[in-house]
Amino acid sequence: MIITRDIINKSIQFRDSDKTWYPRNLYDVKALNTKIDQYKNYLVDQGAKPGQSAVIGFYPGIDQLDSFFALCELGMSFTVNDYRVYEVNDDVDFIDTKTKMLMPISYFLDIANVSEKKRDFFKRICDKCITDEDVKDYRDDPNDLILANPGDIVMKCTSSGTTGTPKLVEHTQEFL
């Protein structure tokens, strides 16, 4: 089995919120599919390929959900990198051990007005940075391209390292 938008309940009503959890808009499956297509079209046009990875920096909401499904359908993986070293470290060249383990990272997806430190950090460790504004008005023609296979890595993260050296943890489409 692979993760595609087909698992989304067709009668879903999804309430988006901002970073403070203030409710914003209500979306249905048609709106979700339109945004998934926008992300897929944009990523494919940027040269995205199966096996590449992305950090999804969006707050919980429609952009986070839609970019997740776009990555899954394209056979790409999302990388969990929540260490926030860039916020507490003034050494602009410093890359923590856990982040190094997750590299290479092809894309960083986030809001256009992300903090300058965060953007600078991910510009250094990712091949391309993509914002919600880049994708917002992008073409939304249906994209039924499915490049994923059950054995493809869909999630990369690291263990905590509390019992020794952190280790790379990868999960396949089929496992999730």
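Below, the structure is looked at part by part.

### Regarding helix 5 (residues 116-125)
For helix 5, every residue scored as buried is listed here: Lys118, Phe121, Phe122 and Ile125. Down the axis of helix 5, the buried side of the element spans an arc of 90°, and every buried residue falls inside it.

### What to know about unusual backbone geometry
Here the amide bond leading from methionine 103 into proline 104 is cis, since omega sits at 5°, within 30 degrees of zero. Residue position: proline 104 is located in the loop between helix 4 (97-102) and strand 5 (105-110).

### Notes on the environment of phenylalanine 121
By the secondary structure assignment, phenylalanine 121 is in helix 5. Accessibility expressed as a relative area gives 4% for phenylalanine 121, which makes it buried. A sequence separation of 26 residues divides phenylalanine 121 from isoleucine 95, and the C-alpha atoms of the two residues are 8.6 Å apart.

### A short note on the nonpolar core
Counting residues in hydrophobic clusters, the biggest one holds 29 residues, and the most contacted among them are Leu43, Leu71, Tyr107, Leu109 and Ile130. Mapped onto this core, the elements with two or more residues apiece are helix 1 (29-45), strand 3 (53-56), helix 2 (62-73), strand 5 and strand 7 (153-158). The element best represented in this core is helix 1, accounting for 6 residues. Setting aside residues no more than four positions away along its own chain, leucine 43 makes contact with Ala48, Ala70, Leu71, Leu74, Tyr107 and Ile130. Membership of the second largest hydrophobic core comes to 9 residues, among which are Val55, Leu102, Ile125 and Cys126.

### Describing the packing of aromatic side chains
All chains considered together, the criterion is met by 7 aromatic pairs. Here phenylalanine 14 and tyrosine 27 contribute two aromatic rings whose centre-to-centre distance is 6.4 Å and whose plane-to-plane angle is 35°, an arrangement assigned as tilted. One end of the pair, phenylalanine 14, is in strand 1 (residues 14-17); the other, tyrosine 27, is in strand 2 (residues 23-27), and 13 residues separate them in sequence. Residue classification places tyrosine 27 among the buried residues on the basis of a relative accessible area of 16%. Between phenylalanine 68 and phenylalanine 69, the aromatic rings sit 5.2 Å apart at their centres with planes inclined by 75°, giving edge-to-face as the arrangement. Of the residues examined, phenylalanine 69 reaches a relative accessible area of 6% and is grouped as buried.

Cut-off values and rules
Residues numbered from 1 in each chain as written. Predicted model: local features only at pLDDT ≥ 70, side-chain atom pairs only at ≥ 80, totals over all residues. Heavy atoms only, no water. Buried < 20%, exposed > 50% of the residue type's maximum accessible area, 1.4 Å probe, protein only. Helix = DSSP H or I, 4+ residues; strand = E, 2+ residues; numbered from the N terminus. Arc of directions from axis to C-beta. Core = buried A, V, L, I, M, F, W, Y, C linked by side-chain atoms within 4.5 Å. Contact = heavy atoms within 4.5 Å. Phe/Tyr/Trp six-rings, centres within 6.5 Å; stacked < 30°, edge-to-face > 60°.

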